[in-house]
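Structural description and commentary
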Amino acid sequence: MRLLSLCLVSASLLAPGMALAAPFTPLTIFQHAAMPVQVLILGLLAATAAAIAVCIRKLLQGPRLAGSSAFLKGLRLGGPLAGLVGAAFGTLNMTIGLANVKTVPPVAVLAPGWAEIASLILLGLITGSVAVIAHWAVEARIDRAVLGE
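Below, the structure is looked at part by part. Because the structure is predicted, anything quoted here is derived from the model rather than measured.

**Some remarks on the overall build of the protein chain**
In terms of regular secondary structure, the protein chain is built from five helices and zero strands. The helix and strand sequence of the protein chain, counted from the amino end, reads α-α-α-α-α. The buried share among the 149 residues of the protein chain stands at 27%. A fraction of 76% describes how many contacts in the protein chain between residues 6 or more apart in sequence connect residues 24 or more apart. For the protein chain, the accessible surface area stands at approximately 9800 Å², while carbon and sulfur atoms represent 76% of it.

Here it is as structure tokens:
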């Protein structure tokens with residue numbers, strides 16, 4: 001009985017903080033991000049879609065071996081680096097903001113910044129991974145066309 005009452009007291013202390021927290025989704029992360037970060041998110045999403053489109057176009061092209069492979073090759077490294085640059089920008093903004101406040105903010109205040117940083121890193125890794133897979137598929141297609149296998 002004592003454990004139950006302790007749990008209820010703990011829950012009542014946590015409930016007001018939980019009631020104030022709105023559900024956080026990838027869309028709200030995007031909406032609350034700074035303008036350069038929003039541009040970077042849109043750029044990474046567009047680059048991922050472009051990598052898929054380039055891969056599909058190259059695979060359906062037939063025996064012709066015309067360009068676009070360099071885009072995929074560059075995106076393999078550029079996607080994760082762009083995500084890390086955005087994450088570093090967000091981390092810098094967050095640490096500057098923390099340095100300018102007198103009291104330590106609660107975790108609920110810091111969580112959206114952490115979510116933005118994590119989502120940029122994840123989006124950069126997804127973009128790079130899609131580019132790696134697309135580049136492998138295109139290179140295999142080129143190898144088959146050149147070697148006649």
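**A word on the environment of Pro36**
Here Pro36 shows up in helix 3 (residues 35-60). Distance from Pro36 to Gly90, taken between C-alpha atoms, is 9.9 Å for residues 54 residues apart in sequence.

**Overview of the packing of helix 3 against helix 4 (residues 69-99)**
Orientation of helix 3 relative to helix 4, taken along the N-to-C sense of each, is 160°, at an axis distance of 10 Å. In terms of orientation, helix 3 lies roughly antiparallel with respect to helix 4. In this structure, helix 3 meets helix 4 at a crossing whose hand is left-handed. Along its contact with helix 3, which presents Pro36, Val37, Leu40, Leu44, Ala47, Ala50, Ala51 and Val54, the element helix 4 presents Phe71, Leu72, Leu75, Gly79, Ala82, Gly83, Gly86 and Phe89.

**Some remarks on helix 3**
With 26 residues, helix 3 extends 37 Å between its outermost C-alpha atoms, agreeing within 8% with the 38 Å of an ideal straight helix rising 1.5 Å per residue. Taken as a whole, helix 3 has its buried residues at Val37, Gln38, Ile41, Leu44, Ala47, Thr48, Ala51, Val54, Cys55 and Lys58. Turning to helix 3, the residues buried within the fold contact helix 2 (26-32), helix 4 and helix 5 (107-147).

Rules used in this analysis
Residues numbered from 1 in each chain as written. Predicted model: local features only at pLDDT ≥ 70, side-chain atom pairs only at ≥ 80, totals over all residues. Heavy atoms only, no water. Helix = DSSP H or I, 4+ residues; strand = E, 2+ residues; numbered from the N terminus. Buried < 20%, exposed > 50% of the residue type's maximum accessible area, 1.4 Å probe, protein only. Contact = heavy atoms within 4.5 Å. Areas by Shrake-Rupley, 256 points an atom, 1.4 Å probe, with all protein chains shown as cover. Axes fitted to C-alpha atoms, helices over the stretch in contact; angles between N-to-C directions. Parallel < 35°, antiparallel > 145°, perpendicular 65-115°, else oblique. Left-handed = near helix turned anticlockwise from the far one by under 90°. Expected span 1.5 Å × (residues − 1).

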